Amino acid sequence: MHDFLYVPAAGRRPSDWVERLCSLAASFERGRLVYSQELRPVMINGQKHLAVTPAFLRDHPVGPTVAAFIGGDWRHTEKQAA
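Small disclaimer: the values here were computed from a predicted structure and weren't measured.

S.K.: Describe the overall build of the protein, and please don't skip the residues or the numbers.
M.R.: Within the protein one finds three helices and six strands. Beginning at the N terminus, the succession of helices and strands in the protein can be written as β-α-β-β-β-β-α-α-β. Every one of the 82 residues in the protein was classed for burial, and the buried ones make up 35%. For the protein, the exposed surface amounts to about 5,100 Å²; the carbon and sulfur share of it is 53%.

Written out as structure tokens, the structure reads:
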């Protein structure tokens, strides 16, 4: 389980920015796009969010790119992903 930072998608352009960022760390398996467990889209109370772990931002090669894009527009939560 990971501790995640959640970034709301509302108010951003383009509307698919969450999926675009998540595709940076995604892979293709059996012809399907599979999102990373540390950078993925999630729905919270019917709203799309970006879920990203602090370790991803710190350690992954595209982590600094993701961090620069989201800037300070995230909130830390103690929610655990299953």
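Now that the structure is up, let's keep going.
S.K.: Outline the pattern of salt bridges, listing residues and values.
M.R.: A full pass over the atoms with the stated rule returns three salt bridges. One salt bridge connects R20 with D16, and the closest N-O pair in it is separated by 2.9 Å. What makes D16 partly exposed here is its relative accessible area of 30%. Here D59 makes a salt bridge to R58, at a shortest N to O gap of 3.1 Å. Side by side, D59 and R58 carry an identical accessibility label, which is exposed.

What counts, and where the lines are drawn
- Residues numbered from 1 in each chain as written.
- Predicted model: local features only at pLDDT ≥ 70, side-chain atom pairs only at ≥ 80, totals over all residues.
- Heavy atoms only, no water.
- Helix = DSSP H or I, 4+ residues; strand = E, 2+ residues; numbered from the N terminus.
- Buried < 20%, exposed > 50% of the residue type's maximum accessible area, 1.4 Å probe, protein only.
- Areas by Shrake-Rupley, 256 points an atom, 1.4 Å probe, with all protein chains shown as cover.
- Salt bridge = Lys/Arg side-chain N within 4 Å of Asp/Glu carboxyl O.

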